[in-house]
Amino acid sequence: MRLTVDHVTRYAYDHPVRSVVQSHRLSPSVFAGQKVIDWEVTVTGGVKGAQHRDGAGDLVQGWTIAGPVSEIAVAVRGTVETTDLAGVLRGHRETVPPDCYLRETTPTRADVALVTLARSASGEDLLQLAHALSAAVSDAIAYRPGVTHAHTTAAEALALGEGVCQDHAHALIAVARIRGIPARYVSGYLSASADGSAHEAAHAWAELHVPGLGWVGFDPANRACPDDRYIRLGSGFDAQDAAPIRGIARGAAVEVMDVTVAVLQTAQ
Amino acid sequence: MAQFNEMFQGTEVRAPYARLQDWVATMPEELRSLKQAEAEALFRRIGITFAVYGEGGDPDRLIPFDMFPRVFSAMEWAKLERGIKQRAQALNAFLVDVYGRGEIIRAGRIPGRLVYQNEAYEKAVAGFVPPKGVYSHIVGVDIVRTGPDQFYVLEDNCRTPSGVSYMLESREIMMRMFPHLFRENRIEPVDTYSEKLRRTLASVAPAKCAGEPTVVILTPGHFNSAYYEHSLLADLMGVELVEGQDLFVEGECVWMRTTEGPKRVDVIYRRIDDAFLDPLCFRPDSMLGIPGLMDVYRSGGVSICSAPGAGVADDKAVYTYVPDMIRFYLGEEPILQNVPTWQCGRPNDLAQVLDKLPDLVVKEVHGSGGYGMLVGPKASRDEIDRFRAKLIEDPGNYIAQPALALSTVPTFVEEGIAPRHVDLRPYCLVGERIELVPGGLTRVALTEGSLVVNSSQGGGVKDTWVLAE
């Protein structure tokens, strides 16, 4: 499937800021399921900085903006040819050992309810167990925007019984780790479907490590494994660690962020 | 427990201390107290009052200086030196390995869990080999002695071990107060440390650096307990002492603000923890670091010493495996021994530990500074019972070791001269070459019978001599 992305993040400041530094994970992952046709990231007034591919296989690009500026726009535009691999991250080069992703982080910390949820799932093998855990998270947390925020933990979302894709991903990571399965947070895009679920076009899901298959994606928010409607950008322990844009500005200003994303399927 | 006195064997004076015997014997009582007061005044004047890394305590408290030197013969030191360098080399090989292919784990010599699930394992540097393959550029190896030829390594410090300013200042003060001692004894100099450190740091400049590398020391600021040391080292090396706000990232480099405009920085000797280095990579609330630093670092634009992630080699649980590292990477037998250590996380070990708790020293895996530890032979029944409960609740958080009969060195105390327990922290430099200045920081437990030498627990420092022959 051919997907085009038009993703603009605008930062507006009430006072001009200086010395803005950003670190981006905004390039499609290199693996058998994705082929970049064209891809460009621009930052208004920005100077491209150092670039490297990290141990998890993500392309990390630094940017600096000397300023003073009152508005910054980070625009991502591109086209990717995707293939449905049933969630399997085939042909992805990385050096971070899977065991590294058994570590707890603040948003994925286990509590009694998460442990109970994790134990409720069963499967004949690890892959089935992973599917069962993902289904259990889908059942336990209903999709509802606006009830959780950026710092909501998996435990809090589970207690609420509601949340968005970030909460689903954190919860799945938590329950997988409880069952001894390395799990990580993935950020990316999801193309709009006919029923108009474009509000989660900037999307997140989880990957669980299954011996024999490697990393396999699970999207509890949509009760599915990522297929050719998904574009994978990068991964991390949790949402903050996997954030497509991390940035900081000098100056005591209030920042207002506005994001528009459109991911469309295009004819070849 | 028979304690090894480094000066006396019975009534015999051991050779390295022979000349000190006359020195003490002929020193009048008044002179002694005069000199002790003078030493304290000198320490206070230079403002060296900080606690050794991670020990906490009152940053403004003066750490007692004891004038009685601790002496090693050339032969004793030669062995220590080989053992320390061997260890520093193996620890660095381990770090390059676990951030690369992880051969030692694949070979089953170290459990992957201890390494990869360790908080100190930095995913952000996996797959990266720092210049010259060095992660830990200054390795502080804490050593204790139990006999003429028995040295044990208590722990390794691979991040930013501090205390080296005590080594330098203790010598300075001793030379000022007792110049004749340095004429009568052939004592190896330690003041070459700063030049060796500068050379070591310059030798790991990134490949992109053309010409003479610009080295800086990055300090968290004057409120830090080791700030004196940061400024002393900057001074001695002739490099800038900077805080996070003095540096910035632009384009593919790190720059330092100067009166003549921005200057490119090649090597950062950082004295702040990984977590605070870069808010875009680690703790987002850190105000101490430089935003974007890690992106420049990972793309080879700047060197950071010690390299982020080096801490995974000095974890107390990983410590147990250092002898295996030496065999695995160097194909040699360890020259310095580890203290036998029980991992309480292992059920068999835990049972043994609980069985003989009153004879053991129990430490937290991630603890430092002598806090949260149990010294069995010195503890009350109550304290032991409390620790037993802690161990059962969270065994994985503890290791246990036999209480060693630490060696003693004569020390000036209220009643005259008496033996007190000591340890040793030499500072091994690793860059293009591995170098060790002959000497180190000798810490002394000033309380009679105490085995805890940490400054936060009433420890003091001594000048450490290595004789030239």
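- The name given to chain A in an unreviewed UniProt entry is Transglutaminase family protein, with Rhodobacter calidifons as the source organism.

Quick notes on the overall build of chain A
Link 1 in the chain: Along its length, chain A carries four helices and 13 strands.
Link 2 in the chain: Relative to the compact-globule value of 18 Å for 268 residues, chain A shows a C-alpha radius of gyration of 18 Å, a close match.
Link 3 in the chain: A principal-axis box enclosing the C-alpha atoms of chain A has dimensions of 55 × 45 × 40 Å.
Link 4 in the chain: In chain A, which comprises 268 residues, the proportion classed as buried is 55%.
Link 5 in the chain: Of the contacts formed within chain A by residues at least 6 apart in sequence, a portion of 74% connects residues at least 24 apart.
Link 6 in the chain: Summing over all exposed atoms, chain A offers an accessible surface of approximately 11100 Å²; the carbon and sulfur share of this is 53%.
Link 7 in the chain: Considering chain A, the positive charge centre built from 22 side chains and the negative charge centre built from 29 side chains are found 6 Å apart.

A look at the overall build of chain B
Link 1 in the chain: In terms of helices and strands, chain B carries 14 helices and 23 strands.
Link 2 in the chain: Its C-alpha atoms give chain B a radius of gyration of 22 Å, within 12% of the compact-globule value 23 Å for 469 residues.
Link 3 in the chain: Based on the C-alpha atoms only, the size of chain B along its principal axes is roughly 65 × 55 × 40 Å.
Link 4 in the chain: Classification of the 469 residues of chain B by burial places 60% in the buried group.
Link 5 in the chain: Summarising the internal contacts of chain B: among those between residues at least 6 apart in sequence, 70% fall at separations of at least 24.
Link 6 in the chain: Surface accessibility of chain B: about 18400 Å² in total, with carbon and sulfur atoms responsible for 49%.
Link 7 in the chain: Side chains of chain B carry 50 positive and 64 negative charges; the gap between the two charge centres is 3 Å.

Quick notes on the domain arrangement of chain B
Link 1 in the chain: Split by domain assignment, chain B resolves into domain 1 (8-336 + 405-466) and domain 2 (340-402).
Link 2 in the chain: For domain 1 of chain B and domain 2 of chain B, the distance between their C-alpha centres works out to 27 Å.

Things to note about the sheet that holds strand β8 (residues 247-250) of chain B
Residues and elements named next belong to chain B.
Link 1 in the chain: Pairing in this open sheet of three strands is antiparallel, and the strands run β8-β9-β10 from one edge to the other. Edge positions in the sheet fall to β8 and β10 (263-265), since each has one partner strand and no second. On average, each strand axis in the sheet is inclined to that of its neighbour by 45 degrees, with strand direction left out of account.
Link 2 in the chain: Sheet topology places β8 next to strand β9 (residues 253-256); four bridges connect them, and they run antiparallel. When the bridges of β9 are listed, glutamate 250 appears paired with cysteine 253.

Re the domain arrangement of chain A
All names here are of chain A.
Link 1 in the chain: If you check the domain split of chain A, you get domain 1 (2-82 + 245-266) and domain 2 (98-236).
Link 2 in the chain: Here domain 1 and domain 2 have C-alpha centroids that lie 24 Å from each other.
Link 3 in the chain: Each partner contributes to the interface: domain 1 provides 19 residues, whereas domain 2 provides 15 residues.
Link 4 in the chain: Between domain 1 and domain 2 lies a buried interface of about 1400 Å² when both sides are counted; carbon and sulfur atoms form 57% of it.
Link 5 in the chain: Linking domain 1 to domain 2 there are zero salt bridges.

Details of the interface of chain A and chain B
Link 1 in the chain: Contacts between the two partners involve 32 residues from chain A, matched on the other side by 25 residues from chain B.
Link 2 in the chain: Buried surface at the junction of chain A and chain B, summed over both partners, amounts to about 2300 Å²; 56% is from carbon and sulfur atoms.
Link 3 in the chain: Between chain A and chain B we count one salt bridge in total.
Link 4 in the chain: Linking Lys123(B) and Asp241(A) is a salt bridge whose minimum nitrogen-to-oxygen distance equals 2.9 Å.
Link 5 in the chain: The element that contributes the greatest number of residues to the side of chain A that touches chain B is strand β3 (residues 47-53) of chain A, accounting for seven residues.
Link 6 in the chain: Partitioning the side of chain A that touches chain B into residue classes produces 11 nonpolar, 13 polar and eight charged.

Brief notes about the packing of helix α8 (residues 193-203) of chain B against helix α9 (residues 227-237) of chain B
Residues and elements named next belong to chain B.
Link 1 in the chain: Across the interface, α8 lies against α9 with an axial gap of 9 Å and an inter-helix angle of 85 degrees. Taken as axis vectors, α8 and α9 run roughly perpendicular relative to one another. Contact with α8, carried on its side by Tyr193, Ser194, Leu197, Arg198 and Leu201, involves Leu233, Leu236 and Met237 of α9 and no other residues of that element.
Link 2 in the chain: Considering only residue class, the contact of α8 with α9 consists of six nonpolar, one polar and one charged.

Overview of the packing of helix α2 (residues 126-140) of chain A against helix α4 (residues 165-178) of chain A
Angle between the axes and distance between the axes: these two values describe a pair of packed helices.
Residue and element names in this part refer to chain A.
Link 1 in the chain: Interhelical geometry of α2 versus α4 gives an angle of 135 degrees and a closest axis separation of 9 Å. In terms of orientation, α2 and α4 fall into the oblique class. Both α2 and α4 take part in a crossing whose hand is right-handed. Contacts from Leu133, Ser134 and Val137 of α2 reach α4 at His168, Ala171, Leu172, Val175 and Ala176.
Link 2 in the chain: When grouped by side-chain class, the residues that make up the contact of α2 with α4 number six nonpolar, two polar and no charged.

Notes on the confidence of the model for chain A
Link 1 in the chain: When pLDDT is averaged across chain A, the result is 93; 96% of the residues are at 70 or more.
Link 2 in the chain: Confidence scores differ between elements of chain A, with strand β13 (residues 255-266) of chain A showing the lowest mean pLDDT of 88 and strand β10 (residues 214-218) of chain A the highest of 98.

A look at unusual backbone geometry
For residues besides glycine, phi is generally negative; the peptide bonds are generally trans as well.
Link 1 in the chain: At the junction of Gly67(A) and Pro68(A), the peptide bond is cis and its omega measures out at 0 degrees in the coordinates.
Link 2 in the chain: Along the chain, Pro68(A) turns up in the loop between β4 (59-65) and β5 (69-82).
Link 3 in the chain: With an omega of -10 degrees, the peptide bond running from Cys305(B) to Ser306(B) counts as cis.
Link 4 in the chain: With respect to the helices, strands and loops of the structure, Ser306(B) is situated in the loop between β12 (303-305) and α11 (316-319).
Link 5 in the chain: In the Ramachandran plot, Ser19(A) falls in the positive-phi region, its phi being about 45 degrees despite a non-glycine side chain.
Link 6 in the chain: Following the sequence through the fold, Ser19(A) ends up in strand β1 (residues 2-24).
Link 7 in the chain: One non-glycine residue, Ala86(A), lies in the positive phi region at around 55 degrees.

Comments concerning α2(A)
Residue and element names in this part refer to chain A.
Link 1 in the chain: In this model, α2 (15 residues) spans 21 Å end to end at C-alpha, consistent with the 21 Å of a helix rising 1.5 Å per residue.
Link 2 in the chain: Buried residues of α2: Leu129, Ala130, Leu133, Ser134, Ala136, Val137 and Ser138, and no others.
Link 3 in the chain: Capping the start of α2 is the job of one residue whose side-chain oxygen sits 3.2 Å from the backbone nitrogen of leucine 127: aspartate 125.

Some thoughts on the pattern of salt bridges
Residue and element names in this part refer to chain B.
Link 1 in the chain: What the rule picks out here adds up to 42 salt bridges over all chains.
Link 2 in the chain: A salt bridge links glutamate 81 to lysine 85, with the nearest nitrogen and oxygen atoms 2.8 Å apart. With a gap of four residues between them, glutamate 81 and lysine 85 both fall in helix α3 (residues 74-98), about one helical turn apart.
Link 3 in the chain: Residue aspartate 142 pairs with arginine 443 through a salt bridge whose shortest N-O separation is 3.8 Å. Taken as a pair, aspartate 142 in strand β4 (residues 138-147) and arginine 443 in strand β22 (residues 441-445) lie far apart in primary sequence, 301 residues in all. In terms of burial, aspartate 142 and arginine 443 fall into one category: buried.
Link 4 in the chain: Connected via shared salt-bridge partners are Glu6, Arg14, Arg70, Glu76 and Arg145.

The rules behind these values
Residues take numbers from 1 onward in each chain, read along the sequence in its written order. Chain A is the first chain written and ligand 1 is the first ligand written, with later ones labelled in order. The predicted origin of the model limits local features to residues at a pLDDT of at least 70 and limits the giving and counting of side-chain atom pairs to 80 or more, whereas totals for whole chains, interfaces and linings rest on all residues. Each side-chain value is worked out from all heavy atoms of the structure, with water and hydrogens disregarded. Numbering of helices and strands starts at the N terminus; helices are DSSP runs of H or I of at least 4 residues and strands are runs of E of at least 2. Note on method: radius of gyration uses C-alpha positions; expected globular size equals 2.2 Å times residues raised to 0.38. Only protein chains enter the accessibility calculation, which uses a 1.4 Å probe. A residue is then buried if its area is under 20% of the maximum for its type, exposed if over 50%, and partly exposed in between. Whether two residues touch is decided by their heavy atoms; if any such pair falls within 4.5 Å, the residues are in contact. The protein chains shown are the only cover counted for residues, whose accessible areas, like all others here, come from Shrake-Rupley with a 1.4 Å probe. Charge counting treats Lys and Arg as positive and Asp and Glu as negative, with His and both chain ends excluded. To locate a charge, the coordinates of NZ of Lys, CZ of Arg, CG of Asp or CD of Glu are taken. An automatic or database domain assignment provides the domain bounds reported here. Strand pairing requires that DSSP identify at least two bridges connecting the strands. Comment: axis = line fitted to C-alpha atoms, over the contacting stretch for helices; angle = value between 0 and 180 degrees taken between N-to-C directions. When two components associate, each loses some accessible surface as probed by a 1.4 Å sphere; the sum of these losses over both components is called the buried area. The term salt bridge refers to a side-chain nitrogen of Lys or Arg lying within 4 Å of a carboxyl oxygen of Asp or Glu. Charged means Asp, Glu, Lys or Arg here, nonpolar means Ala, Val, Leu, Ile, Met, Phe, Trp, Tyr, Cys or Pro, and polar covers whatever is left, Gly included. Roughly parallel here means an angle under 35 degrees, roughly antiparallel means over 145, roughly perpendicular means 65 to 115, and every remaining angle is called oblique. Definitions for this section: a left-handed crossing has its near helix turned counterclockwise from the far helix by less than a right angle. A right-handed crossing has that turn clockwise. Residue-level confidence of the predictor is what pLDDT reports, using numbers from 0 through 100. Multiply 1.5 Å by the residue count of a helix minus one, and that product is the helix's expected span. N or O atoms within 3.5 Å of each other form a polar contact, as long as, within protein, one can give a hydrogen and the other can take it, and as long as residues adjacent in sequence are counted only when both atoms are side-chain atoms.

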